[in-house]
Amino acid sequence: MQPRLSPKLLQIVFDNVYNGIYIVDSRGVTIAVNRTFEEMSGLTHAELAGRSLYDMVGEGKTFSGSASLLVIKHKKPVTATYSTSTGRKLLVKGRPVFDANDEIEYIINTIWDLTVVQYSHQIDADTARAHLLSEEDLVTCSEQMMAVIDLSLRVAATDSTLLLSGESGVGKSLLARTIHRASQRKQQPLIQINCAAIPENLIEAELFGYEGGAFTGANSKGKAGLLEIAQGGTVFLDEISELPFHLQSKLLGVLQDKQFFRVGGRQLQQVDVRLIAASNKDLASLVAEGRFREDLYYRLNVVPIHLPPLRERRDDIPALIEYFTDKYNRKHNSYKKFSNNLVQQLVTMPWKGNIRELENHIERSIVTTPGDLITQDNAMIPGLTQELPDSMTLKQLLAEHEKKILLKAREKFGTTRRIAVALGISQASAARKLKNLREETYS
Ligand SMILES: Nc1ncnc2c1ncn2[C@@H]1O[C@H](COP(=O)(O)OP(=O)(O)OP(=O)(O)O)[C@@H](O)[C@H]1O
Ligand SMILES: [Mg+2]
């Protein structure tokens, strides 16, 4: 097929798109980077061309490297964020390009710059500083989460109010931070307020501030609230369902008119903030029960973003294991690795506490397992309790455990095909295992 653009024009487009572009081949060798990428990363084409990412990882220059390496390993698209050694934060979307034999030929990485200014020093009150969000990175290769991130990047640029929903530990706070960093407000503060963590009698003053003499024990000069401190930036209201009813209407006022009174104040305060709210409870049913204001709910629910629980996006688990293993190996100065069998097994666990539980589990395994290879035999497997029956061999214990998992899977997924997909085994092996189970039950 004839290209419709001349190579010269293509090069101009390549260098002038908003995103950084970084292309490697199937061995992780850099083929091309565009000018935007050079500006974002501070690395030049000349420094990178022909060099293998595997070598650069060794030198600690990973940036988009790990995304490409994850794509090569899992043969799937990956989205991840990175902090570079020069203090920048980049979001990388890596996509594989396959050849006629279904082998990876290239990986095309598209990069967004999520770097923010360090505003913590501009904010003087300690309480306010404590509400600034901390640093962490994300990685995902499940279609569901990549769709969530794509939607988030699209709406980040707008000023729409967002409502993030999902179980505890699915990554709502992390996503809120990413959205702020991808928005035009990124040079202004991002202030996080957990409505469940602040006592009910303090939350109004904390959020809206107060005037001198507003109540006993208050600072005589008055104090700005977190909404004022976030001026120009983003406010992330976590566990919004716990915001007391009377403050729900005050918040509605802020959303509608961008103004409010401090506690005890007579002068309207003007604020320009973008609101991101999150809840792990179903706000719609709280509205139905009369425990959450309907008008506020509709005002918040302009763009709903739902983060699925980890058990519904098990594709993410191997990549997350790799990411957290790397993170905690660095932290604890170790070189541990999870065996492939154990990774397969962790993929099937229920992970009720979602990514937080997986992360804690990995750190614990890294700290407590002797030796460098963490296997089914030496790792603490969640769900398999500490009390071991005396008279069972490891083989019997694992068989027992497998039986429980199979029964659960049969109940949940029904067909051997779906069970096989969920448990990461072949359909033949799922069918055989279930057959054995039936024979055992009826014998
Ligand atoms: N995709 C991801 N990649 C890497 N780490 C992640 C990812 N998602 C979540 N995490 C990590 O998992 C932990 C839990 O995430 P987070 O605090 O954002 O969850 P949450 O939904 O806000 O939970 P809660 O409802 O309890 O506040 C954090 O340490 C976060 O950094
Ligand atoms: Mg949270």
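Preceding this section is the structure that the text describes.
Every value quoted in this text rests on a predicted model; they were computed, and no experiment measured them.

Draft legend 1. Summary view of the sheet that holds strand β8 (residues 190-194). Taken in spatial order, the 5 strands make up an open sheet running β8-β11-β14-β7-β15, and their pairing is parallel. Since the sheet does not close on itself, it has two edges, and those belong to β8 and β15 (303-306), each with one partner. Within the sheet, the average angular offset between the axes of one strand and its neighbour, ignoring direction, is 20°. By the bridge criterion, 4 bridges tie strand β7 (residues 162-165) to β15 in an arrangement that is parallel. Note on β15: the bridge partner recorded for L162 is V303. Docked against the sheet, helix α7 (residues 143-156) engages β7, β14 (274-279) and β15, running at close to 155° with respect to β15. Against the sheet, helix α8 (residues 172-181) engages β7, β8, β11 (234-238), β14 and β15, with an angle of about 150° to β7.

Draft legend 2. Spatial organisation of helix α14 (residues 316-332). Here α14 contains 17 residues, and its C-alpha end-to-end distance of 24 Å stays within 8% of the 24 Å for a straight helix at 1.5 Å per residue. All of the buried residues in α14 are D316, I317, A319, L320, I321, F324, T325, Y328 and N329.

Draft legend 3. Structural detail: the site of ligand 1. In the region of ligand 1, 20 residues are neighbours, and V139, S168, G169, K172 and S173 sit closest. Contacts to ligand 1 include L174, whose backbone N or O atom sits 3.0 Å from an oxygen atom. At 3.0 Å, a side-chain N or O of E359 approaches an oxygen atom of ligand 1. Taking 630 Å² as the accessible area of ligand 1 by itself, protein coverage stands at 89%. Those elements that place two or more of their residues in the shell around ligand 1 are α8, α14 and α16 (354-368). By residue class, the composition of the shell around ligand 1 is 8 nonpolar, 5 polar and 7 charged.

Rules behind the numbers
Residues numbered from 1 in each chain as written. Chains lettered and ligands numbered in written order. Predicted model: local features only at pLDDT ≥ 70, side-chain atom pairs only at ≥ 80, totals over all residues. Heavy atoms only, no water. Pairing = 2+ DSSP bridges. Helix = DSSP H or I, 4+ residues; strand = E, 2+ residues; numbered from the N terminus. Axes fitted to C-alpha atoms, helices over the stretch in contact; angles between N-to-C directions. Contact = heavy atoms within 4.5 Å. Expected span 1.5 Å × (residues − 1). Buried < 20%, exposed > 50% of the residue type's maximum accessible area, 1.4 Å probe, protein only. Near = heavy atom within 4 Å. Polar contact = N/O pair within 3.5 Å; in protein donor to acceptor, adjacent residues only side chain to side chain. Areas by Shrake-Rupley, 256 points an atom, 1.4 Å probe, with all protein chains shown as cover. Nonpolar A, V, L, I, M, F, W, Y, C, P; charged D, E, K, R; others polar.

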